[in-house]
Amino acid sequence: MKGPELSPRLRMVGELVPSGVRLADVGTDHAYLPAALILEGKIPFAVAADLRRGPLERARATVRAYGLTRSMAFRLCNGLSGIHPDEVDAVAIAGMGGETIAAILSAAPWVRERDVPLILQPMSSFPDLRKWLQANGFVIQEEQLAREGKNIYTALLVRAGEMEPLSPAELWAGRNRADPLRGAWLDRWLARTLRALEGMAQAQGKDVLSRKLELEEVRRGLADMKKEWEQWQA
Ligand SMILES: C[S@@+](CC[C@H](N)C(=O)[O-])C[C@H]1O[C@@H](n2cnc3c(N)ncnc32)[C@H](O)[C@@H]1O
């Protein structure tokens, strides 16, 4: 049976999921991601978890519609709190703020102790999430970009390990790579940094000054990455 059509964002997340794993999909909502991966034969089993009843009911409806009741379990829980480490081999957390993702991982130290592959797709607070990963014994192995309408999304494949420290600009935009979408991704971050700097132009005070210096360093780093990316495209 053909599975649910995944949006480019969720397709990117699915591509980072290792084949053959039992997947925990945290914040599953409709459970489109695990349903599609099971129907494609990429994974054999998933635990679909959500904090709220409504989304979990939608997940159950998807699973019934595609006849997947034997291949999926459901958990009404906060983050990974209702999932036993022995039940899953990989964890996906997509469509949530970076700070929420960090809080979920922080409450489940077993994912680092067992070196569980993590597929993370933050929607905001990117520097906070990358900073947290760096400080808490994780390494970003791979980062992908996907365009959906006017938006560009990122997804990270993360494992336990030591990460070479990220520069301030890399905390915002990830490490540079030759991805064709990377130029537009860097432009967005550059525009955001410039807007923030313009917004602070008239502000005074010690804290403001140090924030301005930080942002200026980020802007320079982003501009350097953009130049490097352009050279790779030539
Ligand atoms: C925007 S939806 C994303 C759905 C799907 N993962 C995707 O990427 O399309 C976010 C979902 O995460 C759930 N959620 C938010 N915080 C959560 C938490 N701490 N633990 C589990 N689920 C959570 C929400 O209830 C909601 O269903």
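Summary of the structure given here. Since the model is a prediction, treat every value here as computed from it, not as a measurement.

1. Examining the packing of helix H8 (residues 182–199) against helix H9 (residues 206–233)
And then number 1: Contact geometry of H8 with H9 gives a least axis separation of 9 Å together with a crossing angle of 155°. When the axis of H8 is compared with that of H9, the two are roughly antiparallel. Crossing geometry of H8 relative to H9 is assigned as left-handed. Where H8 abuts H9, its residues Arg182, Gly183, Leu186, Asp187, Trp189, Leu190, Thr193, Leu194, Ala196 and Leu197 lie against Lys212, Leu215, Glu216, Val218, Arg219, Leu222, Ala223, Met225, Lys226 and Trp229.
And then number 2: Tallied by class, residues from the contact of H8 with H9 come to 12 nonpolar, two polar and six charged.

2. Quick word on the pattern of salt bridges
And then number 1: All told, the structure shown has 15 salt bridges when counted by the stated rule.
And then number 2: In this structure, the salt-bridge partner of Asp179 is Arg177, at a minimum N-O distance of 3.0 Å.
And then number 3: Among the residues examined, Arg177 registers a relative accessible area of 28% and is labelled partly exposed.
And then number 4: Glu216 serves as the salt-bridge partner of Arg219, at 2.9 Å between the closest nitrogen and oxygen. One end of the pair is Arg219 and the other is Glu216, both in helix H9 and three residues apart, which spans about a single turn.
And then number 5: The partly exposed category is assigned to Arg219, whose relative accessible area is 24%.
And then number 6: Exposure remark for Glu216: the relative accessible area of 26% places this residue in the partly exposed category.
And then number 7: The network of salt bridges with common partners includes Asp187, Lys226 and Glu230.

3. Points about the environment of Asp29
And then number 1: As for its placement among the helices and strands, Asp29 is situated in the loop between strand S1 (22–26) and helix H2 (32–39).
And then number 2: Overall, Asp29 belongs to the partly exposed group, its relative accessible area being 26%.
And then number 3: Put simply, Asp29 and Ser210 are 181 residues apart on the chain and 41 Å apart in space, counted from C-alpha to C-alpha.
And then number 4: Aside from chain neighbours lying at most four places away, what touches Asp29 is Asp50, Pro55, Arg58 and Ala59.

4. Quick notes on H2
And then number 1: Extensive coverage of H2 is indicated by the burial of six of its eight residues.
And then number 2: At the exit of H2 stands Gly41, carrying a positive phi of roughly 80°.

5. Comments concerning the sheet that holds S1
And then number 1: Ordered by their spatial adjacency, seven strands build an open sheet running S3-S2-S1-S4-S5-S7-S6, and the pairing between neighbours is mixed. Edge positions in the sheet fall to strand S3 (72–76) and strand S6 (138–148), since each has one partner strand and no second. Neighbouring strand axes in the sheet, compared pairwise and without regard to direction, differ in orientation by 20° on average.
And then number 2: Sitting on the sheet, H2 touches S1, strand S2 (45–50), S3 and strand S4 (90–96), and the angle it makes with S1 is about 160°.
And then number 3: Contacts from helix H4 (residues 98–106) reach S1, S4 and strand S5 (118–122) within the one sheet, and its direction differs from that of S4 by about 150°.

Rules and cut-offs
- Residues numbered from 1 in each chain as written.
- Predicted model: local features only at pLDDT ≥ 70, side-chain atom pairs only at ≥ 80, totals over all residues.
- Heavy atoms only, no water.
- Axes fitted to C-alpha atoms, helices over the stretch in contact; angles between N-to-C directions.
- Helix = DSSP H or I, 4+ residues; strand = E, 2+ residues; numbered from the N terminus.
- Parallel < 35°, antiparallel > 145°, perpendicular 65-115°, else oblique.
- Left-handed = near helix turned anticlockwise from the far one by under 90°.
- Contact = heavy atoms within 4.5 Å.
- Nonpolar A, V, L, I, M, F, W, Y, C, P; charged D, E, K, R; others polar.
- Salt bridge = Lys/Arg side-chain N within 4 Å of Asp/Glu carboxyl O.
- Buried < 20%, exposed > 50% of the residue type's maximum accessible area, 1.4 Å probe, protein only.
- Pairing = 2+ DSSP bridges.

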